[in-house]
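Structural characterization, general
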Amino acid sequence: MKKIQKLVGEEEKLRMPIAQGLPWTTDEPKCLIKPPVKKNTIPIDLKLHSDIRAVERARFAHQVAEKGRLIKQYKMERDRQQKLEEEEEIKRLRKELIPKAQLMPYFDRPFVPRRSEKQPTVPREPKFYIPRHKKIKCCRMSCNDMSGPS
């Protein structure tokens, strides 16, 4: 029995692992060199297509607004010139068109109508053109009507 107990005890010892430390080394520990520190990254300005398009659109809108302003200014100037011309025309007409009395008729030599010296027109007989083939048709129809059922 002692043998069995001894064998069981040895098996248990083999089954249970024993923590074994590493052997002591005589080498000195190495100091690891730190890697060089990188500089902070500077972000690159991104040029988005939508931003470029927005700038172009703003420039175009500014051009359209400027053109509209110029057209409006041109129209106002033209209207002002037209008003000035009309006022000048009215002033000129007022100076020229001073109301004047009509001339008095001459009572000492009254108007006597005279007969015209032109020859009167001679009336002519109208000539109605009837083509020959139509003339024949008309005659045939009238002949057939007469010589029909009697």
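Here's what I pulled together on the structure shown here.

Each value, and the rule that gives it
- Residues numbered from 1 in each chain as written.
- Predicted model: local features only at pLDDT ≥ 70, side-chain atom pairs only at ≥ 80, totals over all residues.
- Heavy atoms only, no water.
- Patch = residues over 30% accessible without salt bridge, like charges linked within 9 Å, V, L, I, M, F, W, Y side chains within 5 Å.
- Areas by Shrake-Rupley, 256 points an atom, 1.4 Å probe, with all protein chains shown as cover.
- Salt bridge = Lys/Arg side-chain N within 4 Å of Asp/Glu carboxyl O.
- Lys, Arg positive; Asp, Glu negative; His and termini not counted.
- Charge placed at Lys NZ, Arg CZ, Asp CG, Glu CD.
- Buried < 20%, exposed > 50% of the residue type's maximum accessible area, 1.4 Å probe, protein only.
- Helix = DSSP H or I, 4+ residues; strand = E, 2+ residues; numbered from the N terminus.
- Expected span 1.5 Å × (residues − 1).

Here we take up a negative patch on the surface. Side chains of Glu-85, Glu-86, Glu-87 and Glu-88 sit close together on the surface and give a patch of like negative charge. Residue Glu-85 is classed as exposed on the basis of its relative accessible area of 54%.

A complete count under the given rule lists 4 salt bridges for this structure. A salt bridge links Arg-69 to Glu-66, with the nearest nitrogen and oxygen atoms 2.5 Å apart. Here Arg-69 and its partner Glu-66 are both found in helix H2 (residues 49-96), 3 residues apart, which amounts to about one turn of the helix. Classification of Arg-69 by relative accessible area gives partly exposed; the value is 45%. Residues participating in the shared-partner salt-bridge network are Glu-89, Arg-92 and Glu-96.

With 14 residues, helix H1 (residues 2-15) extends 20 Å between its outermost C-alpha atoms, agreeing within 8% with the 20 Å of an ideal straight helix rising 1.5 Å per residue. The buried fraction of H1 amounts to 0 of the 14 residues, a small share that puts the element mostly on the outside.

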